[in-house]
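Overview (structure and organization)
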Amino acid sequence: MSAPLKPPPDLDRLCVDTIRTLAMDAVQAANAGHPGTPMALAPLAYVLFTRHLRHNPRQPGWPDRDRFVLSAGHASMLLYASLHLAGYDLSLEEIKNFRQWGSRTPGHPEHGLTPGVETTTGPLGQGFANGVGMAIAEAHLAAQFNRPGHVLVDHRIYAIVSDGDLMEGISHEAASLAGHLRLGKLIYLYDDNHITIEGATDLAFSEDVAQRFTGYGWHVQRVADANDLAALDAAIRAAQAETARPSLIIVRSHIAWGSPHKQDTAEAHGSPLGAEEVALTKAAYGWPTDAKFLVPDEVRAHFGGCVPRGEKLQAEWEARRVAYEKAFPDLAAAWRAALSAQLPAGWERSLPAFRPEDGSAATRSWSQKVINALAPVVATLTGGSADLAPSTNTLIKGGGDLEAGSLGARNMHFGIREHAMGGVLNGMALHGGVRPYGATFMVFSDYMRPSLRLAALMKLPVIVVFTHDSVGLGEDGPTHQPVEQLAALRAIPGMTVIRPADGPETAEAWRAALLNTAGPTLLVLSRQKVPIIDRSRFAPAAGALRGGYVLAEAAGGKPRLLLLATGSEVGLALAAREILEAEGTPTRVVSLPSLEVFARQDAAYRDTVLPPGVPARLAVEAATAFGWHRWVGTAGDVVSIEHFGASAPYERIFQEFGFTAENVAKRARAVLARAGGA
Ligand SMILES: Cc1ncc(C[n+]2csc(CCOP(=O)(O)OP(=O)(O)O)c2C)c(N)n1
């Protein structure tokens, strides 16, 4: 293994101060940003990047690299300065363009934009959970693929977390899960600087963090002075040596360290220091006061050593990989396939073909069958539920329980920790090698929403199964009945929400979810049984892949009325169509399992499904109408729910809320009258 870079002592200080001054200068030039924390934490980044991180700046995608997460994303200049100096493809020009339009140095780190940025951070606590997900993925793959004498997967996950990260609930959930799973490769450095935005942390934060993490089963150490490189180094080494528990290193630091007037002030958190204070601080560092974005040659040379060190580390790993390929060709092929995120050839043949004779069932039950049909073929499919698997129907039969000691198993148990589940799924997807899915009741999507939003922002191929998708869940009542969640989830840019109507559409929904590698997919499934759609009479479910399709054509092929529906309400629309057709109204039923996918189709296709010349349109969905008006137009209407639900058997609820074939037909007649089509 390659030795860490060892500079003379004064060079250490020069390197650390270069990170500090780059951060100060960039924030000052942008006249926006957070200078204080990069100044305080520069020694941590320096020690990590030059001595501990097993990374190759020239190959940021090397699969066995250590991951580094800056969970305190507001301190982004700490990361950008470190990446620049370590030799990543991030020029000094980019540092000078911090926070500017089109730069690769945005206000908060964005994954996919800047090489070396492992995850998008900014919403505090998310990075913490992402790191846990990465560590789970690492341990899962290590358990699946490493063999005695042949270690293919062996890397650590480092993160810098702040007071804000530790205050946010998601980090509590994720820390508890990480301790439970004994993720020994996780090493978090906590910036204990006693400062947040409103002032000193003791305004709102007085718990004993060390005791809390000890209670979670973490290995906890303290470093009294962030500038003590030897102590930092020793603590990191001790954390590396601890393989049975995640590690927290509590580092006492001073925000805006060295700034004569701003050190230890909340002001230094989120405002530029000011030109005068920048000069005073540089003077205090013994830095040329008029130099801007200065990288001394010896610093450039020393940090530059990260590249040959990284290349050597990767070459050593490549040699191990070649030996592995020779010793275990089949496993090696499986590992390559997992990493490439390619689905195995012919996997779609495993999708079950459900028929009317299979009987009626809830879409969650059809989903269970699909998961278990796919699991043997799609070996990367790994996931679980937030303690609701018997209800979400998401267990992989024979997949084993992913637990400490059996981390290679496929059924995850997130516990009742929906938010951490969201962040962990994102971390697993970011890590790669697994296709993660989560599950819970649809109403609790609210508990995961910040992570779902980040999954969409990062375009992560995460799948979440949301069951109990409407008032149709019945007796549990309004606390458990989603009403506005469908609209809220559809509102997230880049999100794909699919609400299938029956077994065949559920199989198509899973097909679409697995094929969607450009963002998250949410499968919205019913608790109650749904009617069987007779596919010998109506269109095949394959149309679901286009988001919407003509399920039942109007008699004579010329509709005067369009009924639009999703999920469990499609059966209702078909029943209403029978009534309307019997009355002589040619009625087309359009199944729209995914409004987003449908919206992405070309206009020509959309117009064949929803002909512009037919203004009489009625949508039926047991949720708020928000978002439907685009599809029904000004002449159209929506049978919806604009209030919270109620506790009762679902048949009664549907009846009371107007979700009956008779009421849909009645509302349709009103639409026809208004649209002049009756
Ligand atoms: C979820 C979330 N809430 C609020 C914020 C706004 N915010 C950014 S930094 C910060 C306080 C940070 O304090 P700390 O974590 O101690 O960082 P430091 O001041 O030490 O840099 C807040 C409230 C945020 N980024 N994310």
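Residues numbered from 1 in each chain as written. Predicted model: local features only at pLDDT ≥ 70, side-chain atom pairs only at ≥ 80, totals over all residues. Heavy atoms only, no water.

1. Considerations on the environment of Val-570
This is how the line gets drawn: Helix and strand assignments follow DSSP, with helices taken as H or I runs no shorter than four residues and strands as E runs no shorter than two, numbered in order from the N terminus. In this scheme, a residue with accessible area under 20% of its type's maximum is buried, one over 50% is exposed, and one in between is partly exposed, where area comes from a 1.4 Å probe on protein chains only. The contact criterion used throughout is that any non-hydrogen atoms of two residues lie within 4.5 Å.
With respect to the helices and strands, the residue Val-570 is situated in helix H21 (residues 569-582). Accessibility expressed as a relative area gives 0% for Val-570, which makes it buried. Leave out the neighbours within four places in its chain, and Val-570 touches Ala-501, Ile-533, Leu-551, Ala-565 and Ser-591.

2. Observations concerning the packing of aromatic side chains
Quick note on the threshold: The pairing test for Phe, Tyr and Trp rings, Trp by its six-membered ring, is centres within 6.5 Å, and the orientation test on the planes gives stacked under 30 degrees, edge-to-face over 60, and tilted for anything in between.
Going through the model one piece at a time under the given rule, you end up with 21 aromatic pairs. Relative to Phe-68, the ring of Phe-49 lies with its centre 5.5 Å away and its plane at 75°, an arrangement referred to as edge-to-face. Residue Phe-49 is located in helix H2 (residues 36-52), and its partner Phe-68 is located in strand S1 (residues 67-70); the two are separated by 19 residues in the primary sequence. Classification of Phe-68 as buried rests on a relative accessible area of 6%. Both rings, one in Trp-257 and one in Tyr-285, keep their centres 6.0 Å apart while their planes meet at 10°; by these two values the pair is stacked. With Trp-257 in the loop between strand S5 (247-252) and helix H10 (267-270) and Tyr-285 in helix H11 (residues 275-285), this residue pair connects regions lying 28 residues apart in the sequence. Owing to a relative accessible area of 9%, Tyr-285 belongs among the buried residues under this scheme. Among the aromatic residues, ring-to-ring pairing joins Phe-128, Tyr-188, Phe-213, Tyr-216 and Trp-218 into one connected group.

3. Some details on unusual backbone geometry
Backbone geometry places Arg-99, a non-glycine residue, at a positive phi of 70°. Take Arg-99: it is sitting in the loop between helix H4 (92-96) and helix H5 (126-145). By relative accessible area, Arg-99 is classed as partly exposed at 28%. Phi at Ala-256 takes a positive value of approximately 55°, unusual for a residue other than glycine. Along the chain, Ala-256 turns up in the loop between S5 and H10.

4. Examining the layout of surface pockets
Empty pockets left among the atoms are what a rolling probe the size of a water molecule brings to light. Using the following cut-off: Cavities and pockets were defined on a 1 Å grid built from protein atoms only: a cavity is a group of points that admits a 1.4 Å probe but offers it no way out, a pocket is an open group of points flanked by protein on both sides within 12 Å along at least five of seven lines, and a lining residue is one with an atom within 4 Å of any such point. Grid points are joined across faces, edges and corners, and a volume is the space filled by probe spheres set on the points. Each residue is assigned to one class: nonpolar for Ala, Val, Leu, Ile, Met, Phe, Trp, Tyr, Cys and Pro, charged for Asp, Glu, Lys and Arg, and polar for all the others, Gly among them.
Each pocket or cavity is described by its volume, and for the largest pocket that value is around 500 Å³. Lining the largest pocket are 25 residues; nearest its centre among them are Ala-429, Lys-459, Leu-460, Pro-461 and Thr-517. Every element with two or more residues in the lining of the largest pocket is listed here: helix H14 (329-340), helix H17 (418-431) and helix H18 (445-458). In terms of residues, the lining of the largest pocket owes the most to one element, H14, which gives three residues. Residues of the lining of the largest pocket, tallied by class, amount to 14 nonpolar, eight polar and three charged.

5. Some thoughts on the pairing of strand S7 (residues 381-385)
Using the following cut-off: For two strands to be treated as a pair, DSSP must find no fewer than two bridges joining them.
In terms of residue burial, S7 counts as a mostly covered element, since five of its five residues are buried. Alternating positions in S7 separate into two faces, Leu-381, Gly-383 and Ser-385 on one and Thr-382 and Gly-384 on the other, with burial throughout. Strand direction decides the pairing type here: S7 and strand S9 (residues 435-441), joined by three bridges, are parallel. Each bridged residue has a counterpart across the sheet, and for Leu-381 the counterpart in S9 is Arg-435. The sheet contact formed by S7 and strand S8 (residues 411-413) spans three bridges and is parallel.

6. Things to note about the site of the ligand
How we decide: Here a residue counts as near a molecule or strand whenever at least one of its heavy atoms sits within 4 Å of it. By the criterion applied in these results, polar contacts are pairs of N or O atoms within 3.5 Å in which, for protein atoms, one can donate a hydrogen and the other can accept it, and in which residues neighboring in sequence qualify only through two side-chain atoms. Using a 1.4 Å probe, accessible areas were evaluated by the Shrake-Rupley method; residue-level cover was limited to the displayed protein chains.
The environment of the ligand is made up of 16 residues, and the closest members are Thr-37, His-74, Ser-162, Asn-193 and His-269. In the model, a nitrogen atom of the ligand is placed 3.0 Å from a nitrogen or oxygen of the Leu-124 main chain. Here Ile-195 contributes a backbone N or O atom positioned 2.8 Å from an oxygen atom of the ligand. The fraction of the free accessible surface of the ligand (590 Å²) that becomes covered by protein chains is 74%. Taken together, the residues that form the shell around the ligand break down as five nonpolar, eight polar and three charged.

7. What to know about the pairing of strand S15 (residues 561-565)
With five of five residues buried, S15 is to be regarded as a mostly interior element. Neither face of S15 is left uncovered, since the one carrying Leu-561, Leu-563 and Ala-565 and the one carrying Leu-562 and Leu-564 both have all their residues buried. Where S15 meets strand S17 (residues 617-620), four bridges bridge the pair, whose relative direction is parallel. Paired with Leu-562 across the bridge in S17 is Arg-617.

8. Looking at the nonpolar core
To keep things clear, this is the line we draw: Each nonpolar core is a collection of buried residues, namely Ala, Val, Leu, Ile, Met, Phe, Trp, Tyr and Cys, held together in the definition by side-chain atoms within 4.5 Å.
The biggest cluster of nonpolar side chains holds 74 residues, and the ones touching the most others in it are Phe-128, Val-132, Ile-136 and Trp-218. Considering every element that reaches this core, the biggest residue donor is H5, with eleven residues. With 53 residues, the next largest nonpolar core counts Ala-26, Leu-78, Ile-95 and Ile-160 among its residues.

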